[in-house]
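Listed here are the chains, written in short residue letters.
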Amino acid sequence: MHEFALAESVVRATLQTAESEGMTAVTRVVVQVGELQQIKKDVFEFALKQVHSDDPRLADTVLVVEIVPARFSCRVCEHGFTLAETGEHDADAKEAIHFVPELAHAFMRCPACGSPDFEVAEGRGVGIASIEGERPDA
Amino acid sequence: MLDPRRAAVDARLEGVKRIVAVTGGKGGIGKSFVSSALALASARAGRATGLLDLDFTSPSDHVILGFETGFPTEEFGIDPADHHGIRCMSIAHFAGDAPVPMRGDDVTNALLELLAITRWKELDLLVIDMPPGIGDAALDAMRLLGRAEYVVVAGSSRVVLESVRRTVRLLQDVRVPILGIVENMRRKEDDGVRRLAEAQGLPVLGTVDFDETLEDALGDLDRLAATTAVRSLAAALLPVVFPAGR
Ligand SMILES: Nc1ncnc2c1ncn2[C@@H]1O[C@H](COP(=O)(O)OP(=O)(O)OP(=O)(O)O)[C@@H](O)[C@H]1O
Ligand SMILES: [Mg+2]
Ligand SMILES: [Zn+2]
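First, a word on scope: everything that follows refers to the structure included in this document. (Residues numbered from 1 in each chain as written. Chains lettered and ligands numbered in written order. Predicted model: local features only at pLDDT ≥ 70, side-chain atom pairs only at ≥ 80, totals over all residues. Heavy atoms only, no water.)

Okay, the side chain of His98 of chain A next. All names here are of chain A. Along the polypeptide, His98 turns up in helix H3 (residues 91-99). With a relative accessible area of 7%, His98 lands in the buried category. Among the polar contacts made by the side chain of His98, one reaches the side chain of Glu3 at a distance of 3.4 Å. With sequence-adjacent residues up to four places away left out, His98 is seen in contact with Met1, His2, Glu3, Gln37 and Gln38. (Helix = DSSP H or I, 4+ residues; strand = E, 2+ residues; numbered from the N terminus. Buried < 20%, exposed > 50% of the residue type's maximum accessible area, 1.4 Å probe, protein only. Polar contact = N/O pair within 3.5 Å; in protein donor to acceptor, adjacent residues only side chain to side chain. Contact = heavy atoms within 4.5 Å.)

Following this line, the structure appears as C-alpha coordinates:
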(Lines give C-alpha, C1' and ligand atoms only; values in the text may rest on other atoms or scores of the structure.)
(Ligands and ions follow the chains in the order given, each with its own letter.)
Protein backbone atom coordinates (compact mmCIF):
# COMPACT_ATOMS: atom_id res chain seq x y z
CA MET A 1 0.00 0.00 0.00
CA HIS A 2 1.08 3.49 -0.68
CA GLU A 3 2.69 4.96 2.45
CA PHE A 4 0.85 8.27 2.30
CA ALA A 5 -2.52 6.62 1.81
CA LEU A 6 -1.76 4.29 4.68
CA ALA A 7 -0.64 7.14 6.94
CA GLU A 8 -3.79 9.07 6.18
CA SER A 9 -5.95 6.01 6.81
CA VAL A 10 -4.29 5.37 10.15
CA VAL A 11 -4.71 8.97 11.28
CA ARG A 12 -8.37 8.97 10.26
CA ALA A 13 -9.21 5.65 11.85
CA THR A 14 -7.39 6.65 15.04
CA LEU A 15 -9.28 9.93 15.30
CA GLN A 16 -12.59 8.13 14.68
CA THR A 17 -11.82 5.76 17.54
CA ALA A 18 -10.65 8.58 19.82
CA GLU A 19 -13.91 10.37 19.06
CA SER A 20 -16.18 7.41 19.69
CA GLU A 21 -14.35 6.43 22.88
CA GLY A 22 -14.13 9.97 24.21
CA MET A 23 -10.33 10.08 24.41
CA THR A 24 -8.72 13.41 25.20
CA ALA A 25 -5.30 12.15 24.09
CA VAL A 26 -4.09 9.16 22.12
CA THR A 27 -0.97 7.80 23.78
CA ARG A 28 -0.06 4.76 21.67
CA VAL A 29 -1.15 3.21 18.40
CA VAL A 30 0.08 -0.18 17.19
CA VAL A 31 -0.20 -0.75 13.44
CA GLN A 32 0.43 -4.14 11.91
CA VAL A 33 1.41 -4.15 8.27
CA GLY A 34 1.74 -7.29 6.19
CA GLU A 35 5.15 -7.80 4.58
CA LEU A 36 3.36 -8.16 1.24
CA GLN A 37 2.28 -4.51 1.48
CA GLN A 38 5.97 -3.63 0.91
CA ILE A 39 5.78 -0.61 3.16
CA LYS A 40 9.03 1.25 3.71
CA LYS A 41 9.00 2.08 7.39
CA ASP A 42 10.96 5.32 7.07
CA VAL A 43 8.74 6.57 4.23
CA PHE A 44 5.68 5.64 6.27
CA GLU A 45 6.95 7.49 9.34
CA PHE A 46 7.80 10.51 7.18
CA ALA A 47 4.32 10.33 5.62
CA LEU A 48 2.75 10.21 9.04
CA LYS A 49 4.49 13.44 9.99
CA GLN A 50 3.31 15.03 6.73
CA VAL A 51 -0.34 14.06 7.04
CA HIS A 52 -0.32 14.32 10.82
CA SER A 53 -3.37 16.33 11.54
CA ASP A 54 -2.88 19.21 13.94
CA ASP A 55 -5.45 17.55 16.16
CA PRO A 56 -4.15 18.03 19.73
CA ARG A 57 -5.18 14.49 20.65
CA LEU A 58 -2.38 13.20 18.42
CA ALA A 59 0.33 15.55 19.67
CA ASP A 60 2.18 13.00 21.84
CA THR A 61 1.14 9.73 20.23
CA VAL A 62 3.71 6.97 20.07
CA LEU A 63 3.27 4.98 16.90
CA VAL A 64 4.50 1.42 16.69
CA VAL A 65 4.70 -0.22 13.27
CA GLU A 66 5.05 -3.99 13.19
CA ILE A 67 5.73 -5.81 9.94
CA VAL A 68 4.08 -9.23 9.81
CA PRO A 69 6.14 -11.66 7.69
CA ALA A 70 4.30 -13.02 4.65
CA ARG A 71 3.62 -16.74 4.41
CA PHE A 72 2.18 -18.38 1.33
CA SER A 73 0.65 -21.76 0.78
CA CYS A 74 0.23 -23.23 -2.70
CA ARG A 75 -3.26 -24.47 -3.43
CA VAL A 76 -2.07 -26.84 -6.11
CA CYS A 77 0.89 -28.63 -4.50
CA GLU A 78 0.46 -27.46 -0.87
CA HIS A 79 4.03 -26.16 -0.69
CA GLY A 80 4.52 -23.44 1.93
CA PHE A 81 6.87 -20.55 1.13
CA THR A 82 8.03 -17.06 2.08
CA LEU A 83 8.30 -13.86 0.05
CA ALA A 84 12.07 -14.23 -0.25
CA GLU A 85 11.64 -17.73 -1.68
CA THR A 86 9.69 -16.38 -4.67
CA GLY A 87 12.96 -14.92 -5.98
CA GLU A 88 13.86 -11.53 -7.42
CA HIS A 89 11.12 -9.56 -9.15
CA ASP A 90 11.60 -6.78 -11.66
CA ALA A 91 10.93 -3.18 -10.75
CA ASP A 92 7.47 -3.07 -12.33
CA ALA A 93 6.33 -6.17 -10.47
CA LYS A 94 7.63 -4.79 -7.19
CA GLU A 95 5.93 -1.46 -7.80
CA ALA A 96 2.62 -3.12 -8.72
CA ILE A 97 2.70 -5.35 -5.63
CA HIS A 98 3.52 -2.33 -3.50
CA PHE A 99 0.40 -0.51 -4.74
CA VAL A 100 -1.96 -3.50 -4.80
CA PRO A 101 -0.39 -6.46 -2.95
CA GLU A 102 -2.82 -8.96 -4.46
CA LEU A 103 -1.02 -8.42 -7.76
CA ALA A 104 1.37 -10.96 -6.32
CA HIS A 105 -0.89 -13.36 -8.18
CA ALA A 106 0.07 -11.73 -11.46
CA PHE A 107 3.81 -11.66 -10.80
CA MET A 108 4.71 -14.35 -8.28
CA ARG A 109 4.69 -18.13 -8.63
CA CYS A 110 4.87 -21.07 -6.27
CA PRO A 111 8.60 -21.92 -6.18
CA ALA A 112 7.81 -25.64 -6.19
CA CYS A 113 5.27 -26.04 -9.00
CA GLY A 114 5.03 -22.63 -10.69
CA SER A 115 1.33 -22.03 -9.98
CA PRO A 116 -0.08 -18.54 -9.34
CA ASP A 117 -2.91 -20.13 -7.34
CA PHE A 118 -1.50 -19.73 -3.85
CA GLU A 119 -3.00 -18.49 -0.64
CA VAL A 120 -1.57 -15.56 1.28
CA ALA A 121 -1.81 -17.28 4.65
CA GLU A 122 -0.26 -14.41 6.64
CA GLY A 123 1.31 -11.03 6.17
CA ARG A 124 -1.02 -9.01 4.00
CA GLY A 125 -3.27 -6.09 4.64
CA VAL A 126 -3.01 -3.53 7.37
CA GLY A 127 -4.65 -3.41 10.75
CA ILE A 128 -4.64 -1.27 13.82
CA ALA A 129 -3.95 -3.72 16.63
CA SER A 130 -4.55 -1.24 19.45
CA ILE A 131 -5.28 2.38 20.19
CA GLU A 132 -4.54 3.51 23.74
CA GLY A 133 -5.49 6.85 25.13
CA GLU A 134 -6.54 8.97 28.06
CA ARG A 135 -10.15 9.52 28.98
CA PRO A 136 -11.23 12.26 31.35
CA ASP A 137 -13.24 9.80 33.50
CA ALA A 138 -10.46 7.22 33.75
CA MET B 1 -8.46 -5.73 14.20
CA LEU B 2 -9.52 -2.38 12.79
CA ASP B 3 -8.74 -2.05 9.08
CA PRO B 4 -7.80 1.61 8.52
CA ARG B 5 -8.39 1.28 4.77
CA ARG B 6 -12.14 1.38 5.36
CA ALA B 7 -11.86 4.92 6.71
CA ALA B 8 -9.75 5.88 3.70
CA VAL B 9 -12.28 4.68 1.12
CA ASP B 10 -14.92 7.16 2.23
CA ALA B 11 -12.34 9.93 2.40
CA ARG B 12 -11.25 9.21 -1.18
CA LEU B 13 -14.81 9.62 -2.44
CA GLU B 14 -15.62 12.76 -0.44
CA GLY B 15 -15.12 15.08 -3.39
CA VAL B 16 -17.25 13.00 -5.78
CA LYS B 17 -20.74 14.40 -6.31
CA ARG B 18 -22.34 11.35 -7.86
CA ILE B 19 -21.34 7.69 -8.24
CA VAL B 20 -23.05 5.65 -10.94
CA ALA B 21 -22.31 1.93 -10.97
CA VAL B 22 -23.01 0.01 -14.15
CA THR B 23 -23.96 -3.61 -13.70
CA GLY B 24 -25.84 -6.19 -15.73
CA GLY B 25 -27.23 -9.62 -15.71
CA LYS B 26 -24.81 -11.38 -17.94
CA GLY B 27 -21.27 -11.37 -19.27
CA GLY B 28 -20.76 -9.56 -22.53
CA ILE B 29 -24.00 -7.63 -22.28
CA GLY B 30 -22.23 -4.27 -22.62
CA LYS B 31 -21.42 -3.11 -19.08
CA SER B 32 -18.01 -1.87 -20.12
CA PHE B 33 -19.38 -0.20 -23.23
CA VAL B 34 -22.10 1.57 -21.21
CA SER B 35 -19.62 2.63 -18.49
CA SER B 36 -17.08 3.93 -20.98
CA ALA B 37 -19.68 5.66 -23.15
CA LEU B 38 -21.26 7.35 -20.13
CA ALA B 39 -17.86 8.57 -18.94
CA LEU B 40 -17.02 9.84 -22.44
CA ALA B 41 -20.35 11.63 -22.84
CA SER B 42 -20.09 13.15 -19.38
CA ALA B 43 -16.58 14.46 -20.01
CA ARG B 44 -17.63 15.88 -23.38
CA ALA B 45 -20.54 17.61 -21.64
CA GLY B 46 -17.92 19.45 -19.61
CA ARG B 47 -18.32 17.50 -16.39
CA ALA B 48 -15.39 16.44 -14.23
CA THR B 49 -15.52 12.70 -14.79
CA GLY B 50 -13.84 9.58 -13.44
CA LEU B 51 -14.03 5.99 -14.63
CA LEU B 52 -13.13 3.06 -12.41
CA ASP B 53 -12.90 -0.38 -14.02
CA LEU B 54 -13.55 -2.91 -11.27
CA ASP B 55 -13.41 -5.94 -13.51
CA PHE B 56 -10.17 -7.54 -12.30
CA THR B 57 -10.59 -10.59 -14.51
CA SER B 58 -11.04 -8.86 -17.84
CA PRO B 59 -10.59 -5.12 -17.56
CA SER B 60 -11.88 -3.58 -20.82
CA ASP B 61 -12.39 0.15 -20.45
CA HIS B 62 -8.81 0.93 -21.52
CA VAL B 63 -9.45 -0.92 -24.78
CA ILE B 64 -12.76 0.81 -25.41
CA LEU B 65 -11.48 4.30 -24.65
CA GLY B 66 -7.87 3.69 -25.70
CA PHE B 67 -6.12 4.88 -22.58
CA GLU B 68 -2.53 3.93 -21.74
CA THR B 69 -2.03 1.46 -18.92
CA GLY B 70 1.36 2.47 -17.56
CA PHE B 71 1.75 3.19 -13.86
CA PRO B 72 -0.30 6.20 -12.83
CA THR B 73 1.51 9.02 -11.08
CA GLU B 74 1.95 9.06 -7.34
CA GLU B 75 0.91 12.01 -5.30
CA PHE B 76 -0.01 11.22 -1.71
CA GLY B 77 -1.52 8.07 -3.15
CA ILE B 78 -2.35 7.36 -6.77
CA ASP B 79 -3.51 9.96 -9.22
CA PRO B 80 -5.82 8.48 -11.88
CA ALA B 81 -4.45 9.08 -15.36
CA ASP B 82 -6.27 11.83 -17.26
CA HIS B 83 -7.43 10.70 -20.67
CA HIS B 84 -8.96 13.63 -22.55
CA GLY B 85 -10.88 14.75 -19.51
CA ILE B 86 -11.70 11.28 -18.18
CA ARG B 87 -9.76 10.27 -15.08
CA CYS B 88 -9.26 6.54 -15.46
CA MET B 89 -8.32 3.77 -13.06
CA SER B 90 -8.04 0.08 -13.84
CA ILE B 91 -6.17 -2.97 -12.57
CA ALA B 92 -4.57 -2.93 -16.02
CA HIS B 93 -2.55 0.11 -14.90
CA PHE B 94 -0.67 -2.16 -12.53
CA ALA B 95 -0.89 -5.61 -14.11
CA GLY B 96 -0.43 -4.62 -17.75
CA ASP B 97 -1.70 -7.53 -19.81
CA ALA B 98 -0.83 -10.19 -17.21
CA PRO B 99 -3.74 -12.28 -15.90
CA VAL B 100 -4.52 -11.66 -12.23
CA PRO B 101 -5.98 -14.89 -10.82
CA MET B 102 -7.57 -14.04 -7.48
CA ARG B 103 -9.88 -15.78 -5.06
CA GLY B 104 -12.37 -14.31 -2.60
CA ASP B 105 -10.06 -12.84 0.03
CA ASP B 106 -7.67 -11.56 -2.61
CA VAL B 107 -10.49 -9.81 -4.42
CA THR B 108 -11.72 -8.15 -1.22
CA ASN B 109 -8.24 -6.90 -0.36
CA ALA B 110 -7.40 -5.73 -3.87
CA LEU B 111 -10.64 -3.77 -4.07
CA LEU B 112 -10.12 -2.19 -0.68
CA GLU B 113 -6.57 -1.29 -1.57
CA LEU B 114 -7.47 0.24 -4.93
CA LEU B 115 -10.29 2.31 -3.42
CA ALA B 116 -8.08 3.40 -0.52
CA ILE B 117 -5.17 4.65 -2.62
CA THR B 118 -6.92 6.33 -5.56
CA ARG B 119 -7.35 10.07 -5.22
CA TRP B 120 -10.29 11.15 -7.34
CA LYS B 121 -10.37 14.66 -5.87
CA GLU B 122 -13.31 16.76 -7.12
CA LEU B 123 -15.58 14.96 -9.60
CA ASP B 124 -19.10 15.61 -10.84
CA LEU B 125 -19.44 11.95 -11.76
CA LEU B 126 -17.56 8.75 -11.04
CA VAL B 127 -18.64 5.86 -13.25
CA ILE B 128 -17.96 2.36 -11.95
CA ASP B 129 -17.72 -0.57 -14.36
CA MET B 130 -18.89 -3.23 -11.91
CA PRO B 131 -17.38 -6.70 -11.66
CA PRO B 132 -19.51 -9.22 -13.54
CA GLY B 133 -21.73 -11.61 -11.66
CA ILE B 134 -22.95 -11.55 -8.08
CA GLY B 135 -19.92 -13.11 -6.38
CA ASP B 136 -17.31 -11.72 -4.00
CA ALA B 137 -16.15 -8.92 -6.24
CA ALA B 138 -19.62 -7.50 -6.93
CA LEU B 139 -20.79 -7.91 -3.34
CA ASP B 140 -17.70 -6.21 -1.95
CA ALA B 141 -18.03 -3.34 -4.41
CA MET B 142 -21.66 -2.83 -3.37
CA ARG B 143 -20.69 -2.89 0.28
CA LEU B 144 -17.78 -0.46 -0.05
CA LEU B 145 -19.38 1.98 -2.48
CA GLY B 146 -22.26 2.90 -0.23
CA ARG B 147 -23.36 5.95 -2.20
CA ALA B 148 -23.45 4.38 -5.63
CA GLU B 149 -26.60 4.38 -7.75
CA TYR B 150 -27.04 1.52 -10.20
CA VAL B 151 -27.72 1.26 -13.90
CA VAL B 152 -28.57 -2.26 -15.05
CA VAL B 153 -27.65 -3.24 -18.60
CA ALA B 154 -30.04 -5.73 -20.19
CA GLY B 155 -30.72 -7.41 -23.49
CA SER B 156 -33.88 -8.91 -24.86
CA SER B 157 -32.78 -12.54 -25.11
CA ARG B 158 -34.70 -14.68 -22.63
CA VAL B 159 -31.35 -16.03 -21.44
CA VAL B 160 -30.23 -12.51 -20.56
CA LEU B 161 -33.57 -11.48 -19.03
CA GLU B 162 -33.50 -14.45 -16.69
CA SER B 163 -30.21 -13.29 -15.23
CA VAL B 164 -31.08 -9.57 -15.27
CA ARG B 165 -34.08 -10.41 -13.09
CA ARG B 166 -31.79 -12.04 -10.54
CA THR B 167 -29.39 -9.11 -10.56
CA VAL B 168 -32.21 -6.63 -10.00
CA ARG B 169 -33.55 -8.68 -7.13
CA LEU B 170 -30.13 -8.78 -5.50
CA LEU B 171 -29.75 -5.01 -5.82
CA GLN B 172 -33.17 -4.59 -4.25
CA ASP B 173 -32.32 -7.03 -1.46
CA VAL B 174 -29.13 -5.17 -0.53
CA ARG B 175 -31.18 -1.95 -0.75
CA VAL B 176 -29.08 0.05 -3.17
CA PRO B 177 -30.75 2.67 -5.36
CA ILE B 178 -31.40 1.59 -8.96
CA LEU B 179 -31.64 4.39 -11.51
CA GLY B 180 -33.10 2.06 -14.14
CA ILE B 181 -32.42 -0.35 -16.97
CA VAL B 182 -30.66 0.26 -20.28
CA GLU B 183 -31.39 -2.14 -23.11
CA ASN B 184 -28.24 -2.69 -25.14
CA MET B 185 -27.42 -4.30 -28.49
CA ARG B 186 -31.01 -4.44 -29.65
CA ARG B 187 -31.30 -6.16 -33.01
CA LYS B 188 -35.06 -6.21 -33.40
CA GLU B 189 -38.24 -4.76 -31.95
CA ASP B 190 -39.05 -6.63 -28.74
CA ASP B 191 -40.73 -5.66 -25.48
CA GLY B 192 -39.07 -8.21 -23.15
CA VAL B 193 -36.92 -5.63 -21.37
CA ARG B 194 -39.80 -3.18 -20.99
CA ARG B 195 -42.01 -5.88 -19.47
CA LEU B 196 -39.29 -6.94 -17.06
CA ALA B 197 -38.70 -3.34 -16.02
CA GLU B 198 -42.41 -2.78 -15.44
CA ALA B 199 -42.66 -5.92 -13.35
CA GLN B 200 -39.78 -4.72 -11.18
CA GLY B 201 -41.09 -1.17 -10.95
CA LEU B 202 -38.05 0.29 -12.74
CA PRO B 203 -37.80 2.72 -15.65
CA VAL B 204 -36.21 1.79 -18.99
CA LEU B 205 -33.78 4.67 -19.35
CA GLY B 206 -33.11 4.01 -23.01
CA THR B 207 -32.41 1.54 -25.76
CA VAL B 208 -29.15 1.21 -27.67
CA ASP B 209 -29.30 -0.66 -30.97
CA PHE B 210 -26.59 -3.04 -32.07
CA ASP B 211 -24.11 -0.77 -33.84
CA GLU B 212 -21.98 -2.32 -36.60
CA THR B 213 -19.64 0.65 -36.56
CA LEU B 214 -18.69 0.40 -32.88
CA GLU B 215 -15.88 -2.14 -33.24
CA ASP B 216 -13.86 -0.01 -35.65
CA ALA B 217 -14.32 3.07 -33.49
CA LEU B 218 -12.90 1.46 -30.33
CA GLY B 219 -9.94 3.32 -28.89
CA ASP B 220 -10.64 6.50 -30.87
CA LEU B 221 -12.60 8.99 -28.78
CA ASP B 222 -13.77 11.21 -31.63
CA ARG B 223 -15.03 8.31 -33.68
CA LEU B 224 -16.59 6.67 -30.62
CA ALA B 225 -18.42 9.84 -29.63
CA ALA B 226 -19.89 10.01 -33.13
CA THR B 227 -21.29 6.45 -33.15
CA THR B 228 -25.03 5.91 -32.92
CA ALA B 229 -24.44 3.60 -29.96
CA VAL B 230 -22.62 6.19 -27.86
CA ARG B 231 -25.00 8.96 -28.88
CA SER B 232 -28.10 7.03 -27.94
CA LEU B 233 -26.51 5.93 -24.67
CA ALA B 234 -25.62 9.53 -23.88
CA ALA B 235 -29.15 10.67 -24.71
CA ALA B 236 -30.53 8.00 -22.37
CA LEU B 237 -28.26 8.56 -19.38
CA LEU B 238 -27.00 12.15 -19.29
CA PRO B 239 -30.43 13.63 -18.44
CA VAL B 240 -30.76 11.13 -15.60
CA VAL B 241 -27.28 11.68 -14.20
CA PHE B 242 -27.34 15.45 -14.66
CA PRO B 243 -30.97 16.55 -14.41
CA ALA B 244 -31.59 20.03 -15.85
CA GLY B 245 -30.09 22.77 -13.77
CA ARG B 246 -27.77 20.52 -11.78
N1 LIG C 1 -24.56 -1.37 -28.74
C2 LIG C 1 -23.55 -2.13 -29.19
N3 LIG C 1 -23.40 -2.35 -30.52
C4 LIG C 1 -22.39 -3.11 -30.98
N5 LIG C 1 -21.49 -3.72 -30.19
C6 LIG C 1 -21.58 -3.55 -28.88
C7 LIG C 1 -22.61 -2.74 -28.29
N8 LIG C 1 -22.45 -2.76 -26.94
C9 LIG C 1 -21.37 -3.51 -26.70
N10 LIG C 1 -20.84 -3.99 -27.86
C11 LIG C 1 -19.67 -4.88 -27.99
O12 LIG C 1 -19.98 -6.10 -27.35
C13 LIG C 1 -18.85 -6.66 -26.71
C14 LIG C 1 -19.15 -6.88 -25.22
O15 LIG C 1 -19.39 -5.61 -24.61
P16 LIG C 1 -18.75 -5.24 -23.19
O17 LIG C 1 -17.33 -5.66 -23.14
O18 LIG C 1 -19.09 -3.83 -22.93
O19 LIG C 1 -19.63 -6.22 -22.28
P20 LIG C 1 -19.46 -6.49 -20.72
O21 LIG C 1 -20.82 -6.67 -20.17
O22 LIG C 1 -18.63 -5.46 -20.10
O23 LIG C 1 -18.67 -7.87 -20.72
P24 LIG C 1 -17.98 -8.58 -19.44
O25 LIG C 1 -19.09 -9.29 -18.75
O26 LIG C 1 -16.97 -9.51 -20.05
O27 LIG C 1 -17.39 -7.49 -18.61
C28 LIG C 1 -17.71 -5.70 -26.95
O29 LIG C 1 -16.97 -6.14 -28.05
C30 LIG C 1 -18.43 -4.39 -27.26
O31 LIG C 1 -17.66 -3.54 -28.09
MG1 LIG D 1 -16.79 -5.62 -19.02
ZN1 LIG E 1 2.80 -25.28 -5.87
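Chain B puts 33 residues into the contact, and the matching count from chain A is 36 residues. A combined buried area of about 2,800 Å² lies between chain B and chain A, and 65% of that area is made up of carbon and sulfur atoms. A per-residue breakdown of the area chain B buries against chain A is headed by Leu2, Pro4 and Phe71 of chain B, which together make up 19% of the total. Here Asp117 of chain A and Arg103 of chain B are joined by a salt bridge, their closest N and O atoms 2.7 Å apart. Summed over the shared surface of chain B and chain A, the number is 11 residue pairs in polar contact (both at pLDDT 80 or more). Of all the secondary-structure elements, those providing two or more residues to the side of chain B that touches chain A are helix H1 (4-12), helix H4 (92-95) and helix H5 (104-117) of chain B. Looking at the side of chain B that touches chain A, the element that brings in the most residues is H5 of chain B, giving eight residues. Looking at side-chain class alone, the side of chain B that touches chain A contains 21 nonpolar, two polar and 10 charged residues. (Buried area = accessible area lost by both parts, 1.4 Å probe. Salt bridge = Lys/Arg side-chain N within 4 Å of Asp/Glu carboxyl O. Nonpolar A, V, L, I, M, F, W, Y, C, P; charged D, E, K, R; others polar.)

In short, geometric facts, not functional conclusions.
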